[in-house]
Amino acid sequence: MSLPESRLTNLRRLEAESIHIIREVAAEFSNPVMLYSIGKDSGVMLHLAMKAFYPSKPPFPLLHVDTTWKFRDMITFRDETAAKLGLDLIVHTNQDGVAKGINPFDHGSSVHTHIMKTEALKQALDKYGFDAAFGGARRDEEKSRAKERVFSFRNASHGWDPKNQRPELWNLYNARVAKGESIRAFPLSNWTELDIWQYILTENIPMVPLYLAARRPVVNRDGMLIMVDDARMKLLPGEVVEDKMIRFRTLGCYPLTGAIESDADTLPAIVREMLIARTSERQGRLIDQDEAASMEKKKREGYF
Amino acid sequence: MSGTERILSAEEAVTDYVLAQEAKDQLRFLTCGSVDDGKSTLIGRLLYDTKLIFEDQLATLEKDSRKHGTVGDEIDLALLVDGLEAEREQGITIDVAYRFFATDKRKFIVADTPGHEQYTRNMATGASTADLAVLLVDARQGLMVQTRRHAFIASLLGIRHVVLAVNKIDLVDYAKDRFDDIRTEFEQFANGFDFESLVAIPMSARFGDNVTVKSDRMPWYDGPALLEHLEAVEVGEHELDAPFRFPVQWVNRPNLDFRGYSGTIASGRVSVGDELVVAGPAKTSRVARIIAPEGNVSEARAGEAVTLTLADEIDISRGDLLASPADRPDVADQMAAHVIWMADEPMLPGRSYLLKIGAKTVTATVTEIKHKINVNTFEHMAGKTLDLNEIAFCNLATAAPVAFDPYEVNKATGSFILIDRLTNATVGAGLVWFALRRATNIHWQALDIDRQARADKLGQTPAVLWFTGLSGSGKSTIASIVEKKLHLEGRHTYTLDGDNVRHGLNKDLGFTDADRVENIRRVGEVARLMTDAGLITLVSFISPFRSERQMARELMGDGEFIEIFVDTPIEECKTRDPKGLYAKAERGEIKNFTGIDSPYEAPEYPEIHLNNVGRDPEDVADEVIGYLKDKGMIG
């Protein structure tokens, strides 16, 4: 075998960088956790964590913040994945929110997301005393993400101060935090959506079937195709449930996640569709449609 | 249909395409320029023209352009990259933003860094991971002071490939003469830097001339468009040719049968069977297995994240550096390095910081600023402290020896960051120049009579009673009573008092922050020698900074340092004002007076917290004696 002479390919460079970040967090923090949202980015991040520590298991648990409104397929996939990989999975739900009956239909996406996601996440981090949390966010997703550090510092109330971020040079990450403070670590910072799919394809990483097109029951609400995933979804006057060939580009709470009509029922077909895509992936998320700067506001409050 | 002429299905075609894309490499570059040179517009143009701006992003952009745009009714491409709300409203970029685009040949990661003088920090950050720098100049303005600064920082951070983007060429009527003048001037100026490639390109980011494709408005220009150059430039991998270096990041120990060392190969290559040495302890072994992300491999190279197992069981932990025995790194506790300061609070020589190099973190101090560098003129200047965005050539000392290479030879093993021990902020970045040998030649004199023997002879437990508080708080009064009481009990004591020491040992020091740090460092060292001699040492110093009190604490043995906070509010001190100093300070006759125009950082967790208002000093002193009795330090 000859020595490799050419530069590392883009995917190999990204993979190595992510593994480096994941190991650094495991080595520097006393109680890290990996946020597992069950989506494709989480899937890639988990796959990289398995590689980073092989033959050991990743030395941290997975945490899923369950709003109780995730697609049923996601929950099945989550439990199967944790069992198959032999990892500890913590599922946290904001019980106050459940008691108050918070739901996306009556309270809207912004209140629901704040209470069942942002607040729930803070509760879980406080409850278990995690000093570092991995997230699968990428800098190419959204403008305020483009300036986020790989090790993103959060104060004791989980707030993010975009004007007071630690400089980050080379691959030297500052992991020092005082009691109560924490770091959100983003190993996929430099990946793009295309990189993610390309990696899933070449590494054959299992994904929730909802990414692949199938006939599913949907209603058209406010210009978005919302899947009727369970009986809690009540139809508004004039709405009819139709079976359509659809798939999802991102996954979240089913009442807030728009589907796209598609025939792409295999991974290569998805990539093909993506290469000729005319809309970016976040379009499917109701949460981002308010204001361009909405993400920055959410992140200051502790959203991932 | 014959097998060889089979028509590919659409799906197979995509799979083939994606697999072909896998061979793509990655180029990281940064763009830098002055405020109005059009950096953000250029990146916006690259994103726009490479068709990666999707329609909905475009719709948002059009909406935002009407609100914030600075180019009338046209789409303001800069808004694509100016991310945070505050900076969009100010119309300037204030932080490093990372952007992504790809062509069929390469994926690009762009660091967009601001051009203001006060943001040198951000440019250094972007430059630290970049393969290439695009320096923008406005064709109307030509080279600016900032252009020189950017070239210097790029060169200092080891960037070897530079593009001089002569932007807004449309505003000088696409004039060849103007472009040639700027290029020639830059080439002459950049001669002193060690750039491997330097390409000047005339362009208009706003109108897209020579950005992604060659413009027909400048037939006189026969070079490539920017994107053509970025796709083709060979940036090489110098770390591949350097000797093998592997900072151990994590010890992988799933069970007794497996012990692996995980990390990212900093430089060179490694094969199964290679001999490796642990830098420092100099223990050697051979590589038994290499586990890469794809599984077991027979060899690996710089940039890959792997796990190595060795043939012998040797003691290796996180922070150790594995190296090629034929070409070893330096191991020393003193080094000379360039330091870029990144914090509002100045760097003070003598103050202790955390230094993170590779996977190792040690405490370190800057022992001396050799010279500061004026980033605009490159002149060397004297300096006692280092302010935000300043660069200096310094000597540093670390608490334990560390392994490193000069940055010039190896970026990964020659770079470090400095972290403030109290705020945990990243306050500086360093580039190692060379090891200072003198550190290795001074060995501790081994003494036959040790500190224990001396303390036993005196029949006491040595300690440092460190009184801190504002001027006029009553430190010296209380310390003096405490010493008398100890003396009466037959204890051997000595008092170091701020005013007295400043007349002798420290008479060369003033009251600037840097001198205050040195003042405390010396007193801490003297107090240590006195505890070595077995004495109970009373130190009565304002000692306003937490860091220095922490430094003094760390000089002593466990439990030997007793911090006593003489807590008297400043209003009370001003009323007392035994030496009339507050009155002078308030008239401006004394500068840098603690509590007036220089801060006092109160102890957070002192061993003894003395409230000294309206109490008899005898009672207050008894509180200290009581503490020592409770701890069994005196009978």
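Residue positions within a chain follow its written sequence, with the count starting from 1. Chains and ligands are labelled by the order in which they are written, letters from A for the one and numbers from 1 for the other. Residue-level local features of this predicted model are given only where pLDDT is at least 70; pairs of side-chain atoms are given and counted only at 80 or more, and the full residue set underlies all totals for whole chains, interfaces and linings. Think of the side-chain values as coming from all heavy atoms in the structure, minus any hydrogens and water.

Considering the overall build of chain B
Part 1 of the argument: Under the DSSP-based scheme used, a helix requires at least four consecutive residues in state H or I and a strand at least two consecutive residues in state E, with every element numbered from the N terminus. Counting its regular elements, chain B contains 18 helices and 28 strands.
Part 2 of the argument: Only protein chains enter the area calculation, which uses a 1.4 Å probe; residues under 20% of their type maximum are buried, those over 50% are exposed, and those in between are partly exposed. A buried classification covers 56% of the 635 residues belonging to chain B.
Part 3 of the argument: If you take every contact in chain B between residues at least 6 apart in sequence, the share linking residues at least 24 apart comes to 71%.
Part 4 of the argument: A 1.4 Å probe and the Shrake-Rupley method give the accessible areas. Residues count as covered only by the protein chains that appear here. Entry remark: accessible area of chain B is about 27,000 Å², with carbon and sulfur atoms responsible for 49%. Residue contacts are defined here by distance: any two heavy atoms, one from each residue, within 4.5 Å place the two residues in contact.

Concerning the pairing of strand S1 (residues 32-35) of chain A
Residue and element names in this part refer to chain A.
Part 1 of the argument: Where burial is concerned, the two faces of S1 agree: the one with Pro-32 and Met-34 and the one with Val-33 and Leu-35 are both buried.
Part 2 of the argument: Strands pair, by our definition, only if DSSP identifies at least two bridges between them. One ladder, built from three bridges, connects S1 with strand S4 (residues 132-134); its direction is parallel. Counterpart to Met-34 in the pairing with S4 is Phe-134.
Part 3 of the argument: By the bridge criterion, two bridges tie S1 to strand S2 (residues 62-65) in an arrangement that is parallel. What sits directly across from Leu-35, in S2, is Leu-63.

Looking at the domain arrangement of chain B
Residue and element names in this part refer to chain B.
Part 1 of the argument: The split of the chain into domains comes from an automatic or database domain assignment. Annotation of chain B at the domain level lists domain 1 (21-232), domain 2 (244-323), domain 3 (330-435) and domain 4 (451-630).
Part 2 of the argument: Each of domain 2 and domain 3 was reduced to a C-alpha centroid, and the two centroids are 28 Å apart.
Part 3 of the argument: Across the contact, 11 residues belong to domain 2 and nine residues belong to domain 3.
Part 4 of the argument: Buried area: the accessible surface (1.4 Å probe) lost by two parts on joining, summed over both. Summed over both partners, the interface of domain 2 with domain 3 comes to about 740 Å²; 62% of that surface belongs to carbon and sulfur atoms.
Part 5 of the argument: The term salt bridge refers to a side-chain nitrogen of Lys or Arg lying within 4 Å of a carboxyl oxygen of Asp or Glu. Taken together, the links from domain 2 to domain 3 amount to one salt bridge.
Part 6 of the argument: The salt bridge involving Asp-405 is made with Arg-245; its shortest N-O contact spans 2.7 Å.
Part 7 of the argument: Definition of a polar contact: a pair of N or O atoms within 3.5 Å, with one able to donate and the other able to accept a hydrogen when the atoms are protein atoms, and with sequence-neighbouring residues admitted only if both atoms are side-chain atoms. Run the count over domain 2 and domain 3 and you get two residue pairs in polar contact (both at pLDDT 80 or more).
Part 8 of the argument: We call Asp, Glu, Lys and Arg charged. Ala, Val, Leu, Ile, Met, Phe, Trp, Tyr, Cys and Pro are nonpolar, and the rest, Gly among them, are polar. Among the residues forming the side of domain 2 that touches domain 3, the class breakdown is five nonpolar, four polar and two charged.

Considering empty space enclosed by the protein
Part 1 of the argument: A pocket, in this scheme, is an open set of points on a 1 Å grid over the protein atoms alone with protein on both sides within 12 Å along at least 5 of 7 lines, while a cavity is a set where a 1.4 Å probe fits but cannot get out; residues line either one if an atom lies within 4 Å of a point. Grid points are joined across faces, edges and corners, and a volume is the space filled by probe spheres set on the points. This model, assessed by the stated rule, comprises nine cavities of 30 Å³ or more.
Part 2 of the argument: Computed from the structure, the second largest cavity encloses a volume of approximately 50 Å³.
Part 3 of the argument: Taken together, Leu-8, Arg-12, Glu-15 and Ala-16 of chain A together with Pro-293, Glu-294, Gly-303, Glu-304 and Ala-305 of chain B make up the full set of residues lining the second largest cavity.
Part 4 of the argument: No other element matches helix H1 (residues 10-28) of chain A, which puts three residues into the lining of the second largest cavity.
Part 5 of the argument: Residues of the lining of the second largest cavity, tallied by class, amount to four nonpolar, one polar and four charged.

So, the environment of Ile-596 of chain B
Residues and elements named next belong to chain B.
Part 1 of the argument: Within the element layout of this structure, Ile-596 appears in the loop between helix H17 (581-586) and strand S28 (608-611).
Part 2 of the argument: A residue is classified by how much of its surface remains accessible, and Ile-596, at 31% relative accessible area, is partly exposed.
Part 3 of the argument: Each C-alpha atom, one on Ile-596 and one on Gly-559, is 33 Å from the other, the two residues being 37 residues apart in sequence.
Part 4 of the argument: Once residues lying within four places of it in the same chain are set aside, the contact partners of Ile-596 are Lys-574, Tyr-582, Ala-585 and Glu-586.

Brief notes about the pattern of salt bridges
All names here are of chain B.
Part 1 of the argument: Here the structure, examined in full by the defined rule, presents 57 salt bridges over all chains.
Part 2 of the argument: Ionic pairing is found between Glu-231 and Lys-105, a salt bridge with its closest N-O pair at 3.9 Å. Placement of Glu-231 in helix H8 (residues 226-232) and of Lys-105 in the loop between strand S2 (97-102) and strand S3 (106-112) is noted, with a sequence separation of 126 residues between them.
Part 3 of the argument: As a salt-bridge pair, Arg-140 and Asp-138 come within 2.8 Å of each other at their nearest N and O atoms.
Part 4 of the argument: A residue is classified by how much of its surface remains accessible, and Arg-140, at 42% relative accessible area, is partly exposed.

Details of the sheet that holds strand S24 (residues 463-468) of chain B
Residue and element names in this part refer to chain B.
Part 1 of the argument: What the five strands build is an open sheet, ordered S25-S26-S24-S27-S28; its pairing is parallel. The sheet terminates laterally at strand S25 (493-497) and S28, the two strands that pair on one side only. Adjacent strand axes in the sheet meet at a mean angle of 20° when their direction is disregarded.
Part 2 of the argument: Note on geometry: axes are lines fitted to C-alpha atoms, helical ones only across the stretch in contact, with angles between N-to-C directions running from 0 to 180 degrees. Here helix H14 (residues 513-532) sits on the sheet and contacts S24, S25 and strand S26 (536-540); the angle it forms with S24, its principal contact strand, is near 150°.
Part 3 of the argument: Against the sheet, helix H15 (residues 546-555) touches S24 and strand S27 (561-567), its axis set at about 150° to S27.

So, the packing of helix H12 (residues 475-488) of chain B against helix H18 (residues 617-630) of chain B
All names here are of chain B.
Part 1 of the argument: One way to put it is that H12 packs onto H18 with a least axis distance of 9 Å and a crossing angle of 55°. It follows from the interaxial angle that H12 and H18 lie oblique. In the crossing of H12 with H18, the sense of the turn from one axis to the other is right-handed. Note on element contacts: H18 touches H12 through Pro-617, Glu-618, Val-620, Ala-621, Asp-622, Val-624, Ile-625 and Leu-628, opposite Thr-477, Ile-478, Ile-481, Val-482, Lys-485 and Leu-486.
Part 2 of the argument: Partitioning the contact of H12 with H18 into residue classes produces 10 nonpolar, one polar and three charged. Oblique is the label for every angle not falling under 35 degrees (roughly parallel), over 145 degrees (roughly antiparallel), or within 65 to 115 degrees (roughly perpendicular). By definition, any crossing whose near helix is turned counterclockwise from its far helix by less than a right angle is left-handed, and any crossing with a clockwise turn is right-handed.

Focus on the pairing of S26 of chain B
Residue and element names in this part refer to chain B.
Part 1 of the argument: For S26, a buried count of five out of five residues is recorded, marking the element as mostly surrounded by other parts of the structure.
Part 2 of the argument: When S24 meets S26, the two strands line up parallel, connected through five bridges. Pairing of Trp-466 across the sheet is with Val-539, part of S26.
Part 3 of the argument: As defined by bridge partners, S25 adjoins S26 across five bridges and the pair is classed as parallel. Pairing of Leu-496 across the sheet is with Val-539, part of S26.

Comments concerning the sheet that holds S4 of chain A
Residues and elements named next belong to chain A.
Part 1 of the argument: Spatial ordering of the open sheet is given by S3-S2-S1-S4-S6-S5, a layout of six strands whose pairing is mixed. The open sheet terminates on both sides in strands that have one partner only, identified here as strand S3 (89-92) and strand S5 (151-154). Shown here is a sheet whose adjacent strand axes are inclined to one another by a mean of 30°, direction ignored.
Part 2 of the argument: Its contacts with the sheet place helix H2 (residues 40-53) against S1, S2 and S4, and it is angled at close to 140° to S1.
Part 3 of the argument: Each of S2 and S3 touches helix H3 (residues 72-85); the most contacted strand, S3, lies at about 150° to it.

Re the packing of helix H5 (residues 120-128) of chain B against helix H6 (residues 145-156) of chain B
Residue and element names in this part refer to chain B.
Part 1 of the argument: Close contact between H5 and H6 brings their axes to 9 Å; oriented N to C, the two are set at 40°. In terms of orientation, H5 lies oblique with respect to H6. Here H5 runs over H6; the crossing is right-handed. Within the contact between the two elements, H5 uses Thr-120, Met-123 and Ala-124 and H6 uses Arg-149, His-150, Ile-153 and Ala-154.
Part 2 of the argument: Classifying every residue of the contact of H5 with H6 gives four nonpolar, two polar and one charged.

Things to note about the nonpolar core
Part 1 of the argument: Within the largest apolar cluster, 77 residues are counted, with the highest numbers of intra-cluster contacts made by Phe-29, Leu-30, Val-134, Leu-157, Phe-186 and Leu-226 of chain B.
Part 2 of the argument: Each of domain 1 (21-232) and domain 3 (330-435) of chain B gives at least three residues to this core.
Part 3 of the argument: Discounting chain neighbours no more than four positions away, the residues touching Leu-157 of chain B are Trp-170 of chain A together with Ala-124, Ala-127, Ser-128, Ile-340, Tyr-407, Lys-411 and Leu-431 of chain B.
Part 4 of the argument: Only buried Ala, Val, Leu, Ile, Met, Phe, Trp, Tyr and Cys residues count toward a nonpolar core, and they belong to the same one when joined by side-chain atoms within 4.5 Å. Listed in part, the 71 residues of the second largest apolar core include Met-74, Met-207, Val-219 and Cys-253 of chain A.

Notes on H1 of chain A
Part 1 of the argument: Taking 1.5 Å of rise per residue, the 19 residues of H1 of chain A would be expected to cover 27 Å, and the 27 Å separating its terminal C-alpha atoms lies within 8% of that figure.
Part 2 of the argument: Of all 19 residues making up H1 of chain A, 15 are buried, and the element is well covered by its neighbours. The span expected for a helix works out to 1.5 Å for each residue beyond the first.

Quick notes on the environment of Thr-192 of chain A
Part 1 of the argument: Here Thr-192 of chain A shows up in the loop between strand S6 (182-185) and helix H6 (193-203).
Part 2 of the argument: Exposure remark for Thr-192 of chain A: the relative accessible area of 14% places this residue in the buried category.
Part 3 of the argument: Dropping the residues within four chain positions of it, Thr-192 of chain A is found in contact with Arg-138 and Asp-140 of chain A together with Phe-100 and Lys-107 of chain B.

Concerning unusual backbone geometry
Part 1 of the argument: Of the consecutive residues Tyr-54 of chain A and Pro-55 of chain A, the connecting peptide bond is found in the cis state with omega at 5°.
Part 2 of the argument: Here Pro-55 of chain A shows up in the loop between H2 and S2.

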